[in-house]
Amino acid sequence: MSTEKILLVDDEPDILEFLGYNLRREGYEVLACSNGMDAIKMAEKELPQLIILDVMMPGLDGIETCAELRKISKLENTLIAFLTARSEDFSQVAGLDAGADDYISKPIKPKVLISRVKALLRRAVAGAPGVHEVGGLQIDRERYIVRKGNEEFIFPKKEFELLALLSSKPGKVFTRQEILERVWGDDVVVGDRTIDVHVRKLREKLGEDFIRTVKGVGYKFEF
């Protein structure tokens with residue numbers, strides 16, 4: 001049975017009941033509240049491993065709540081996933097920018113919900129300090145090694161840092177300028193072609209399934 005603690009935040013009682021019922025069946029400890037302010041107070045007190053947060057709430061909405069949660073240092077390792085309607089593409093992007101780790105589209109079937117929650121929680125307990133698991137990849141930040149199934153890849157520093165950046169927020173589109181600043185920094189002058197070459201090398205090693213090109217903008221990690 002699981003011992004992870006999950007905080008659900010939604011202003012619709014039926015949603016809280018549905019999510020809570022299915023998560024408790026899997027053995028998770030489930031907490032619930034109906035607004036952003038209560039969510040912040042409860043999260044700071046209970047320190048959940050995962051917060052599932054509705055975007056559209058009266059008062060403090062989900063994106064604002066997420067931004068406030070990310071200011072609390074003792075919640076820095078807490079995962080945050082948004083619940084979004086399938087049409088809320090802008091909210092998904094804004095939520096990831098606010099510090100969310102993932103989003104879950106609703107309506108969602110119980111089996112899919114549990115699968116997504118388990119995948120999220122595996123990121124937090126991916127076997128060892130410095131190891132991040134996402135999309136079937138294990139990314140070892142301390143050793144610059146990536147594992148995919150039984151295969152192990154050792155990457156040059158910049159390739160690894162690019163992969164680590166993109167995979168840190170699945171679904172988020174990183175602009176070319178953001179990638180240059182965060183991977184190469186201001187002290188090195190490189191062009192867009194440099195990013196393209198590194199992406200091509202990553203795809204050659206890991207396959208075409210993970211890194212998507214967003215024309216005219218940048219790249220994102222998907223699985």
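The structure we're discussing is the one just above.
Now for a quick tour of the structure. All of these numbers come straight from a predicted model, not from anything done at the bench.

## Some thoughts on the overall build of the chain
Phase 1: Helix and strand counts for the chain come out as eight helices and twelve strands.
Phase 2: Each of the 223 residues in the chain was classed as buried or not, and the buried ones make up 47%.
Phase 3: Summarising the internal contacts of the chain: among those between residues at least 6 apart in sequence, 54% fall at separations of at least 24.
Phase 4: Surface exposure of the chain reaches about 11600 Å², of which carbon and sulfur atoms provide 51%.

## Here we look at the pairing of strand E8 (residues 145-148)
Phase 1: When strand E7 (residues 137-140) meets E8, the two strands line up antiparallel, connected through four bridges. Among the inter-strand pairings, Asp-140 is bridged to a residue of E8, identified as Ile-145.
Phase 2: Where E7 hands over to E8, the hairpin turn is made up of four residues, of which Tyr-144 adopts a positive phi near 55°.
Phase 3: Pairing of E8 with strand E9 (residues 151-154) involves four bridges; the strand directions are antiparallel. Each bridged residue has a counterpart across the sheet, and for Ile-145 the counterpart in E9 is Ile-154.

## Structural notes on the pattern of salt bridges
Phase 1: A full pass over the atoms with the stated rule returns 16 salt bridges.
Phase 2: Here Glu-152 and Arg-147 are joined by a salt bridge, their closest N and O atoms 3.2 Å apart.
Phase 3: Judged by its relative accessible area of 46%, Glu-152 is partly exposed.
Phase 4: Glu-222 is paired through a salt bridge with Arg-212; the nearest N and O atoms lie 3.5 Å apart. In this pair, Glu-222 is assigned in the segment after strand E12 (218-221) and Arg-212 in strand E11 (residues 211-214), connecting sequence segments ten residues apart.

## Re the environment of Glu-29
Phase 1: In this fold, Glu-29 is placed in strand E2 (residues 29-33).
Phase 2: The exposure class of Glu-29 is partly exposed, given its relative accessible area of 40%.
Phase 3: Sequence separation between Glu-29 and Pro-48 is 19 residues, and the spatial gap between their C-alpha atoms is 9.1 Å.
Phase 4: Ignoring sequence-local partners within four residues, the contact set of Glu-29 consists of Glu-4, Lys-5 and Ile-6.

## Regarding the sheet that holds E7
Phase 1: Across the sheet, which stays open at both edges, the four strands sit in the order E6-E7-E8-E9 with antiparallel pairing between neighbours. Looking along the sheet, the strands with just one partner apiece sit at the ends: strand E6 (131-134) and E9. For this sheet, the mean inter-axis angle between neighbouring strands, taken without regard to orientation, is 20°.
Phase 2: Its contacts with the sheet put helix H6 (residues 157-168) on E6, E7 and E8, and the angle it makes with E7 is roughly 125°.

## Details of empty space enclosed by the protein
Phase 1: Within this structure, the stated rule accounts for one cavity of 30 Å³ or more.
Phase 2: By volume, the largest cavity amounts to about 30 Å³.
Phase 3: Lining the largest cavity, in full, are Leu-163, Leu-202, Arg-203, Leu-206, Gly-207, Phe-210 and Ile-211.
Phase 4: Of the residues forming the lining of the largest cavity, the biggest block, three residues, is contributed by helix H8 (residues 192-206).
Phase 5: The residue makeup of the lining of the largest cavity, split by class, is five nonpolar, one polar and one charged.

## Structural notes on H6
Phase 1: Between its terminal C-alpha atoms H6 stretches 16 Å, which fits the 16 Å expected from twelve residues at 1.5 Å a residue.
Phase 2: Of all twelve residues making up H6, nine are buried, and the element is well covered by its neighbours.

## Observations concerning the sheet that holds E12
Phase 1: Spatially, three strands are ordered E10-E12-E11 in an open sheet, and the strand pairing comes out antiparallel. Bordering the open sheet on either side are strand E10 (174-175) and E11, each of which pairs with just one other strand.
Phase 2: Sitting on the sheet, H6 touches E10, E11 and E12, and the angle it makes with E12 is about 70°.

## Observations regarding the packing of aromatic side chains
Phase 1: Taken as a whole, this structure holds four aromatic pairs when the rule is applied.
Phase 2: Ring centres of Phe-221 and Phe-223 lie 6.3 Å apart, and the angle between their planes is 55°; on these two criteria the pair is classed as tilted.
Phase 3: Since its relative accessible area comes to 56%, Phe-223 is described here as exposed.
Phase 4: Through pairs of rings, three or more aromatic residues link up here, namely Phe-210, Phe-221 and Phe-223.
Phase 5: Over the face of the ring belonging to Phe-174 we find Lys-172, whose NZ or CZ atom lies 5.0 Å from the ring centre.

Rules used throughout
- Residues numbered from 1 in each chain as written.
- Predicted model: local features only at pLDDT ≥ 70, side-chain atom pairs only at ≥ 80, totals over all residues.
- Heavy atoms only, no water.
- Helix = DSSP H or I, 4+ residues; strand = E, 2+ residues; numbered from the N terminus.
- Buried < 20%, exposed > 50% of the residue type's maximum accessible area, 1.4 Å probe, protein only.
- Contact = heavy atoms within 4.5 Å.
- Areas by Shrake-Rupley, 256 points an atom, 1.4 Å probe, with all protein chains shown as cover.
- Pairing = 2+ DSSP bridges.
- Salt bridge = Lys/Arg side-chain N within 4 Å of Asp/Glu carboxyl O.
- Axes fitted to C-alpha atoms, helices over the stretch in contact; angles between N-to-C directions.
- 1 Å grid on protein atoms, 1.4 Å probe; cavity = no way out; pocket = protein on both sides within 12 Å on 5 of 7 lines; lining within 4 Å.
- Points joined across faces, edges and corners; volume = space filled by probe spheres on them.
- Nonpolar A, V, L, I, M, F, W, Y, C, P; charged D, E, K, R; others polar.
- Expected span 1.5 Å × (residues − 1).
- Phe/Tyr/Trp six-rings, centres within 6.5 Å; stacked < 30°, edge-to-face > 60°.
- Lys NZ or Arg CZ within 6 Å of the ring centre and 35° of its normal.

Honestly, that's just the spatial picture; any functional story needs more than this.
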